[in-house]
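Now for the letters of each chain:
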Amino acid sequence: MSASTSTGTTGDSSTIMSGSQADMSGGGGGGGGGGGGGGGGAGGVRQYGLILAWVLAWWFASNTLTLLNRHILVVLRFHHPIIVASLGMFGTFVFSSLKRRYAAASSSAGGDGDPNYRKSPSLSREFIIKNVLPISFAAGLCLSIAQIPYFYMSVSLIQMLKSIVPLFSMVLGVLVGVEKLILTKGLAILVICLGALVAGMGEVSFSYVGFFILVSDMICFTTSQALTQRLLQQSSVPISSVDLLYYVTPGTLSVMAVGILIIDGPKLGSVVSTMLSDPFPFLAATALGAACNVTATEVVRLTSALIRSVLAQLKTILLVIASVFINGDIVTGTHCFGYSICIAGMLWYAHPTAHKPRGSSLPK
């Protein structure tokens with residue numbers, strides 16, 4: 001989840017640009033055709049640069065947060081995964097609330113205010129129930145179980161197995177109407193999934209319990225991302241990513257709170273004391289979680305949930321390498337072979353012809 005405005009695009013992952021490209025491509029439209037084309041080209045370069053910046057920021061925040069969460073859970077022996085996962089969501093709510101207050105105050109103070117601020121629309125109860133709560137529920141379930149697989153399997157294996165996320169993203173995207181089913185694109189994603197399965201065969205201590213929980217987590221995650229993309233890009237009510245985070249996070253935290261009360265309720269007093277005795281890791285997880293949510297949602301807004309899932313696999317390469325050196329994870333030859341297949345599938349997916357419907361021509 002992350003910050004900006006509704007785009008109005010169809011969400012087709014064959015086009016990485018958001019709906020705002022239409023505004024930029026007309027930047028030179030007041031002059032002759034050549035001037036308009038030049039303005040559009042410059043705008044396109046700026047847009048790709050913006051996307052790259054958000055992607056790199058997301059990669060850094062996400063990988064750092066993953067390693068930190070594992071440190072908290074395993075090294076510090078803080079065996080309360082839902083509480084750890086809720087820290088980032090709480091930080092996201094605080095950030096989105098402050099951002100909205102600052103932007104509104106800045107805009108109402110006279111002057112130019114925040115140029116990116118747009119007054120939040122009034123969301124009806126029906127709209128929230130139909131569009132926002134499903135995202136909150138799916139995200140809450142996802143975050144409640146996201147840390148559990150790390151008790152059963154290594155960071156490296158989990159990240160490799162998450163290579164099948166694009167398959168879930170494609171299926172969920174087609175079901176909610178934000179993706180088009182293209183044969184070559186689907187085959188590329190199947191290659192990625194095959195590589196993930198081969199990589200899993202190389203794990204010395206593979207856990208079926210951990211794998212089942214991980215698959216459940218991925219289904220909840222891709223559901224929330226597909227619904228988020230539809231709301232940001234296709235909703236009749238324009239809503240920015242910051243506003244979306246502001247409305248989604250309370251419901252998500254409520255779902256997680258139920259899990260916390262059930263699992264950790266009797267021990268909450270001692271849990272809080274443990275966190276206060278060494279607050280830095282938990283404060284860092286709160287800040288990194290907020291950064292991860294904001295940057296990831298912005299990537300979805302500018303591209304699509306499916307493209308975000310594919311980009312996540314490239315991010316994983318860095319995380320696997322870091323886990324080998326930081327956590328001492330063992331990467332076998334089977335791991336490397338399977339992940340090489342994943343990379344080949346990702347390169348095929350990234351090729352323009354993978355998004356070319358049968359009988360159509362690529363855009364010039």
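Residues numbered from 1 in each chain as written. Predicted model: local features only at pLDDT ≥ 70, side-chain atom pairs only at ≥ 80, totals over all residues. Heavy atoms only, no water.

**Structural notes on the overall build of the protein**
Then, number 1: For the protein, the helix and strand inventory stands at 13 helices and 0 strands.
Then, number 2: Along the protein, from the amino end to the carboxyl end, the secondary structure elements read α-α-α-α-α-α-α-α-α-α-α-α-α.
Then, number 3: Out of the 364 residues in the protein, the part that is buried amounts to 51%.
Then, number 4: A sequence separation of at least 24 residues applies to 85% of the contacts in the protein between residues at least 6 apart.
Then, number 5: Entry remark: accessible area of the protein is about 16700 Å², with carbon and sulfur atoms responsible for 68%. (Helix = DSSP H or I, 4+ residues; strand = E, 2+ residues; numbered from the N terminus. Buried < 20%, exposed > 50% of the residue type's maximum accessible area, 1.4 Å probe, protein only. Contact = heavy atoms within 4.5 Å. Areas by Shrake-Rupley, 256 points an atom, 1.4 Å probe, with all protein chains shown as cover.)

**As for empty space enclosed by the protein**
Then, number 1: Inspection of the entire model under this criterion finds 2 cavities of 30 Å³ or more.
Then, number 2: Space inside the second largest cavity adds up to approximately 40 Å³.
Then, number 3: Around the second largest cavity, the lining residues are Lys-130, Asn-131, Pro-134, Leu-227, Arg-230 and Leu-231.
Then, number 4: Tallied by class, the residues present in the lining of the second largest cavity amount to 3 nonpolar, 1 polar and 2 charged. (1 Å grid on protein atoms, 1.4 Å probe; cavity = no way out; pocket = protein on both sides within 12 Å on 5 of 7 lines; lining within 4 Å. Points joined across faces, edges and corners; volume = space filled by probe spheres on them. Nonpolar A, V, L, I, M, F, W, Y, C, P; charged D, E, K, R; others polar.)

**Here we look at the confidence of the model for the protein**
Then, number 1: Here the protein averages 74 in pLDDT, and 71% of its residues register 70 or above.
Then, number 2: Mean pLDDT values over the elements of the protein span from 33, in helix α1 (residues 21-25), up to 90, in helix α11 (residues 280-302).
Then, number 3: Note that pLDDT drops below 50 for residues 1-38; the model gives that stretch 98 contacts with residues more than four away or on any other chain.
Then, number 4: The low-confidence segment residues 357-364, where pLDDT is below 50, has 6 contacts with residues more than four positions distant or belonging to other chains. (pLDDT = per-residue confidence, 0-100.)

**Examining the packing of aromatic side chains**
Then, number 1: Summed over all chains, the structure comprises 3 aromatic pairs.
Then, number 2: Their ring planes at 65° and their centres at 4.9 Å tell us that Phe-78 and Phe-282 sit as a pair that is edge-to-face. Taken together, the positions of Phe-78 in the loop between α2 (33-75) and α3 (81-108) and Phe-282 in helix α11 put the pair 204 residues apart, joining distant regions of the chain.
Then, number 3: Both rings, one in Phe-93 and one in Tyr-246, keep their centres 5.8 Å apart while their planes meet at 15°; by these two values the pair is stacked. With Phe-93 in helix α3 and Tyr-246 in helix α9 (residues 241-264), the pair connects residues that are 153 residues apart, well separated along the chain.
Then, number 4: Residue class for Phe-93 comes out partly exposed when judged on its relative accessible area of 27%.
Then, number 5: You can call Tyr-246 partly exposed: its relative accessible area is 26%.
Then, number 6: The ring of Tyr-246 is capped by Arg-100, whose NZ or CZ atom sits 4.0 Å from the centre of that ring. (Phe/Tyr/Trp six-rings, centres within 6.5 Å; stacked < 30°, edge-to-face > 60°. Lys NZ or Arg CZ within 6 Å of the ring centre and 35° of its normal.)

**Focus: the environment of Ser-304**
Then, number 1: Within the fold, Ser-304 resides in the loop between α11 and α12 (305-326).
Then, number 2: Accessibility expressed as a relative area gives 0% for Ser-304, which makes it buried.

**Details of the packing of helix α6 (residues 165-176) against helix α8 (residues 208-234)**
Then, number 1: It is at 9 Å that the axes of α6 and α8 come closest, and there the two elements cross at 45°. Regarding the angle of α6 to α8, the classification is oblique. Note on packing geometry: the crossing formed by α6 with α8 is right-handed. From α6, Val-165, Phe-168, Ser-169, Leu-172, Gly-173 and Val-176 reach across to α8, where they touch Val-215, Met-218, Ile-219, Phe-221, Thr-222, Thr-223, Ala-226, Leu-227 and Arg-230.
Then, number 2: Partitioning the contact of α6 with α8 into residue classes produces 10 nonpolar, 4 polar and 1 charged. (Axes fitted to C-alpha atoms, helices over the stretch in contact; angles between N-to-C directions. Parallel < 35°, antiparallel > 145°, perpendicular 65-115°, else oblique. Left-handed = near helix turned anticlockwise from the far one by under 90°.)

**Side note on the environment of Val-299**
Then, number 1: Within the element layout of this structure, Val-299 appears in helix α11.
Then, number 2: Placed 241 residues apart in sequence, Val-299 and Trp-58 show a C-alpha to C-alpha distance of 8.1 Å.
Then, number 3: Discounting chain neighbours no more than four positions away, the residues touching Val-299 are Trp-54, Val-55, Trp-58, Ser-304, Arg-308 and Leu-311.

**Concerning the pattern of salt bridges**
Then, number 1: A full pass over the atoms with the stated rule returns 2 salt bridges.
Then, number 2: Asp-243 is the salt-bridge partner of Arg-100, the closest N and O atoms lying 2.4 Å from each other. Highlighted residues: Arg-100 in helix α3 and Asp-243 in helix α9, separated in sequence by 143 residues.
Then, number 3: The class of Arg-100 is buried, set by a relative accessible area of 19%.
Then, number 4: Residue Arg-301 pairs with Glu-298 through a salt bridge whose shortest N-O separation is 2.8 Å. Highlighted residues: Arg-301 and Glu-298, both in helix α11, separated by 3 residues, approximately one helical turn. For the pair shown, Arg-301 and Glu-298 are each scored as buried. (Salt bridge = Lys/Arg side-chain N within 4 Å of Asp/Glu carboxyl O.)

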